[in-house]
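The chain contents come next:
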Amino acid sequence: MSTAITALNTSANVDAERREARNSRRRAKRRAEARQCKARHAAFELCAWGAWNGDRPRATAADVARRANAMYGAYLKGDDITAQGGVDALAWAISL
């Protein structure tokens, strides 16, 4: 009987581990999408209200990252937006 209980506990542990891994992946994806949304907002602000050089905004990817981190620093909780995120967000904002 203890073997059956051990097998059930092992099965429950495996299910719990799978569920936790799946939830961890989902949380990571949601956090990445939230960071991207915040970076896009900062890029849009810089492009809409910032200075331009001809047909290109003066804002750089570092400016976008700095602005997004300033705007949303309390929400990001140390998971700051990087310059690479700024590049993607700036390209998105310019394409509008």
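All values reported here derive from a predicted model rather than from experimental measurement.

(A) The confidence of the model for the protein, seen in detail. In the predicted model, the protein carries a mean pLDDT of 87, and 91% of its residues have values of at least 70. When mean pLDDT is compared element by element in the protein, helix α3 (residues 83–95) scores highest at 93, while helix α1 (residues 2–49) scores lowest at 85.

(B) The nonpolar core, seen in detail. Ala43, Val64, Ile81, Ala89 and Leu90 are the most contacted members of the largest nonpolar core, which totals 15 residues. Among the elements of the structure, α1, α2 (61–76) and α3 are those that each provide at least two residues to this core. Residues in contact with alanine 89, not counting those within four places in the same chain, are Ala39, Arg40, Ala43 and Val64.

(C) Broad picture of α3. When the terminal C-alpha atoms of α3 are compared, their 18 Å separation across 13 residues agrees well with the 18 Å that a helix rising 1.5 Å per residue should span. Regarding α3, the residues found buried are Gly86, Ala89, Leu90 and Ala93. Angular distribution of buried residues about the axis of α3 spans 105°; they occupy a single face of the element. Exposed residues lying more than 90 degrees from the buried face of α3 are Gln84 and Ser95.

(D) Expanded view of the packing of aromatic side chains. Scanning all chains against the criterion turns up one aromatic pair. Ring centres of tyrosine 72 and tyrosine 75 lie 6.3 Å apart, and the angle between their planes is 55°; on these two criteria the pair is classed as tilted. Placement of both tyrosine 72 and tyrosine 75 in helix α2 is noted, with a separation of three residues, approximately one turn of the helix. If you follow lysine 38 out to its NZ or CZ, it ends over the ring of tyrosine 72, 5.2 Å from the centre.

(E) A look at the environment of cysteine 37. Within the fold, cysteine 37 resides in helix α1. Its relative accessible area of 51% is what places cysteine 37 among the exposed residues. Separated by 52 residues in sequence, cysteine 37 and alanine 89 have C-alpha atoms that sit 8.3 Å apart.

Each value, and the rule that gives it
- Residues numbered from 1 in each chain as written.
- Predicted model: local features only at pLDDT ≥ 70, side-chain atom pairs only at ≥ 80, totals over all residues.
- Heavy atoms only, no water.
- pLDDT = per-residue confidence, 0-100.
- Helix = DSSP H or I, 4+ residues; strand = E, 2+ residues; numbered from the N terminus.
- Core = buried A, V, L, I, M, F, W, Y, C linked by side-chain atoms within 4.5 Å.
- Buried < 20%, exposed > 50% of the residue type's maximum accessible area, 1.4 Å probe, protein only.
- Contact = heavy atoms within 4.5 Å.
- Expected span 1.5 Å × (residues − 1).
- Arc of directions from axis to C-beta.
- Phe/Tyr/Trp six-rings, centres within 6.5 Å; stacked < 30°, edge-to-face > 60°.
- Lys NZ or Arg CZ within 6 Å of the ring centre and 35° of its normal.

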